[in-house]
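# Per-entry structural report
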Amino acid sequence: MAIQTVGVLGAGTMGNGIAQVFAQHGLTVHLVDKQPLQLDAALASIDKSLTKFVEKDKITEDIKAGALGRLHTHTELKGLAECDLVVEAVTENEATKIALFKQVDDLCPEHTILASNTSAISLTRMAAATSRPSQFVGMHFMNPVPLMKLVELIRARQTSDETYQAIHLLSEEIGKVPVTAGDYPGFVSNRILMPMINEAIFTLYEGVATAEDIDTVMQLGMNHPMGPLKLADMIGLDTCLFIMKVLYEGFNDPKYRPCPLLQQMVDAGYTGRKNGRGFYSYD
């Protein structure tokens, strides 16, 4: 099946990045979010991103104009009714995702593939909540989506070979490098990344070094482009805590215990760059 029309559910940072990449590579995109202001912000962000690509000679003005012309926004799910693929990119809450997938499942044609951009939640459980579990798959894009090449493809227990191959091919067509992961807590990326971030937080919590020094060690000593604490702020400390809890509960292993400081920061409302304060302060 040739995928030509893609729906993206959720117009936040990940959703608008996913929508941009699909539209930039010639697909018709329907971006859905119940908040009109969120859709306006998403369109402004996509326009700004495409303009930067033009300024850096990575794309032409015609490609930018074409991408924007293929992008359609909706405040209701019925905007997804004719899509060949729907990618969900809403908040990391399993009940919320399942409720939305049940509605999309009822709305979309039989051939439509359903995908989730979840960074940790079980694809197998979400697939089981739909009437098309064999057409359910994980597409975990990296942030910022227009710049990062990797996409983790997660096969639910029910995902068919046909569905997987269609999404693998599509990922390559939009310029991504697909890597296959099994449906286990954290998949590959967050199973490795989040414990490292959690250990950096423990290092700060125990007074071993300052946040700046911890990040400098990892940048200059390990050649990381960004220190783990600054990266945690960018991801969102609430998201980091959620993923650590998924790992802790999923594996029932104390090595994944979230650092008490991370829990305390989230309890205080210090969730990182998105609200101006995390391990660092932001204007």
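Per chain, residue numbering runs from 1 following the sequence as it is written. Note on the predicted model: pLDDT of at least 70 is required for a residue's local features to be given, and 80 or more for side-chain atom pairs to be given and counted; whole-chain, interface and lining totals, by contrast, use all residues. In computing side-chain values, all of the structure's heavy atoms are included and hydrogens and water are not.

The line we're drawing: UniProt positions are given in the numbering used here, feature names are shortened, and annotations may be inferred rather than shown by experiment.
If you check an unreviewed UniProt entry, the protein appears there as 3-hydroxybutyryl-CoA dehydrogenase from Saccharospirillum salsuginis. Quoted verbatim from the Sequence similarities (unreviewed entry) heading of the UniProt record, the comment on the protein is "Belongs to the 3-hydroxyacyl-CoA dehydrogenase family."

## Remarks on helix α11 (residues 260-267)
Since the α-helix turns once every 3.6 residues, residues separated by three or four places project in the same direction. Cut-off, in case you're wondering: When a residue's accessible area, from a 1.4 Å probe over protein chains only, is under 20% of the maximum for its type it is buried; when over 50% it is exposed; and in between it is partly exposed. Where helices and strands are cited, they refer to DSSP runs of H or I of at least four residues and of E of at least two residues respectively, numbered from the N terminus. By arc we mean the arc of the directions from the helix axis to the C-beta atoms, nothing more. Between two residues, a contact is recorded if the distance between any of their heavy atoms is within 4.5 Å.
What α11 keeps buried is the set L261, L262, M265 and V266. Along the axis of α11, the buried positions cluster into a sector of 135 degrees, meaning they face one direction only. α11 presents Q264 and D267 as exposed residues on the side facing more than 90 degrees away from its buried surface. In this fold, the buried residues of α11 make contact with α7 (189-205) and α10 (237-251). Positive backbone phi, approximately 90 degrees, marks G269, located one or two places after α11.

## Focus on helix α2 (residues 36-55)
Cut-off, in case you're wondering: The span expected for a helix works out to 1.5 Å for each residue beyond the first.
Counted at 1.5 Å a residue, the expected span for α2 with its 20 residues is 28 Å, and the 29 Å between its end C-alpha atoms agrees. Those residues of α2 not exposed but buried are L39, A42, I46, S49, L50, F53 and V54. One face of α2 carries all of its buried residues, which in axial projection span an arc of 145 degrees. When the buried face of α2 is taken as reference, the exposed residues oriented beyond 90 degrees from it are L37, K48 and E55. The secondary structure elements touched by the buried residues of α2 are α1 (13-24), β2 (28-32), α3 (61-69) and β3 (71-74). Of the residues flanking the end of α2, it is D57, one or two places downstream, whose phi is positive at about 60 degrees.

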